[in-house]
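Architecture at a glance
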Amino acid sequence: DTSMPSRTLDMHREAQTPPASPANSVEMSPVTCESAGTCAAQPAWSLSEETLHLIGLKLAEKGPPYVVEDGSALVDVFGAVQGQPQYSNQFVEQGDTLLFVDGHDVSVLGAKGIVHRLNGQAKSQTHLVFSSRKSSSLYRITVLRLALPPLL
C-alpha cells in the first residue's frame, strides 16, 4: 500500500504541531487585495497610532486609564508644536493620564470612542483634560486636529 508512508508523515506532522492556545495564538490582521491580485496584510488597529495621526498625542494601547506615551507633536491653537517656545498650553508629559475629550469621559468612551471624538476637520480645535503624573492635578488644553479622519 503506497498510502502508508504518506499517512505516517501526516501523523508525524500532527504530533509536531502544538495545539492552539491563547499562549501561542496570533491575532490576524485584515488582508486587502488590489485589482492586480496583490494582497497584503493590513496593520492591526492601534490606539496610539490613531491618536498620534489625529492630534499628535501617543497614548498607551491598554486602558483605561489612557496614559500618555508622547505628547511632543501636539499643536496649540496658534500652530505652535509642544516644545517650541511659543507653545501656549501646559506641557503634556509622559505618564500623564487623559481623562476627557471635549467633555466626554474617556473611561466610558473606550479606545474606539476616543478616536471617534478626536476625528474632525483638520485644524479644528479639540479640548483635552489630563491628570498630571507628577502632581495629580488636572489641567485642560486645547489643540488642533492634524489630519482628516480616514475614509472607511
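For the structure, see preceding data.
Structure report, in brief. As the structure is a prediction and not an experimental result, all values here were calculated from the model. Each chain has its residues counted from 1, following the order in which its sequence is written. Per-residue local features are limited, in this predicted model, to residues with pLDDT of at least 70; the limit for side-chain atom pairs, both in listing and counting, is 80 or more; totals at the level of whole chains, interfaces and linings are taken over all residues. Working from all heavy atoms in the structure, the side-chain values ignore hydrogens and water.

1. Structural notes on the packing of aromatic side chains
Spelled out, the test is: Each Phe, Tyr or Trp ring (for Trp, its six-membered ring) is paired with any other whose centre lies within 6.5 Å, and the angle between the two planes then decides the class: stacked below 30 degrees, edge-to-face above 60, tilted in between. Burial classification: accessible surface area is computed with a 1.4 Å probe over protein chains only, and a residue below 20% of its type maximum counts as buried, one above 50% as exposed, and the rest as partly exposed.
Applying the stated criterion across every chain yields a total of 2 aromatic pairs. Ring centres of Y87 and F91 lie 5.7 Å apart, and the angle between their planes is 80°; this geometry places the pair in the edge-to-face category. Assessed through its relative accessible area of 38%, F91 is described here as partly exposed. Seen in terms of ring centroids, F130 and Y139 are 5.4 Å apart; in terms of plane orientation they differ by 20°. Their pairing is stacked.

2. Some words on a negative patch on the surface
For clarity, the cut-off: For patch detection, residues must exceed 30% relative accessible area and be free of salt bridges, and they are connected within 9 Å for like charges or within 5 Å for nonpolar side chains (Val, Leu, Ile, Met, Phe, Trp, Tyr). In these tables, accessible area is a Shrake-Rupley quantity obtained with a 1.4 Å probe, and a residue counts as shielded only by the protein chains included in the view. Definition used for salt bridges: Asp or Glu carboxyl oxygen within 4 Å of a side-chain nitrogen of Lys or Arg. By the counting scheme adopted, Arg and Lys are positive, Glu and Asp are negative, and His together with the chain ends is not counted. To locate a charge, take NZ of a lysine, CZ of an arginine, CG of an aspartate or CD of a glutamate. Secondary structure follows DSSP: runs of H or I at least 4 residues long count as helices, runs of E at least 2 residues long count as strands, and numbering of each begins at the N terminus.
Taken together, E49, E61, E69 and D70 make up a surface patch of like negative charges. Relative to the helices and strands, E49 resides in helix α2 (residues 47-55).

3. A look at the pattern of salt bridges
Tallied over the full model, the rule gives 2 salt bridges. Between K134 and E93 there is a salt bridge whose closest N-O contact spans 3.0 Å. Of this pair, K134 sits in the loop between β7 (125-131) and β8 (138-144) while E93 sits in the loop between β4 (66-70) and β5 (97-101); the two residues are 41 residues apart in sequence, bridging distant segments of the chain. Taking the relative accessible area as the measure of exposure, K134 reaches 62% and is therefore exposed. A salt bridge links D102 to R145, with the nearest nitrogen and oxygen atoms 3.3 Å apart. With D102 in the loop between β5 and β6 (104-105) and R145 in the segment after β8, this residue pair connects regions lying 43 residues apart in the sequence. A residue is classified by how much of its surface remains accessible, and D102, at 28% relative accessible area, is partly exposed. By relative accessible area, which is 8% here, R145 ends up buried.

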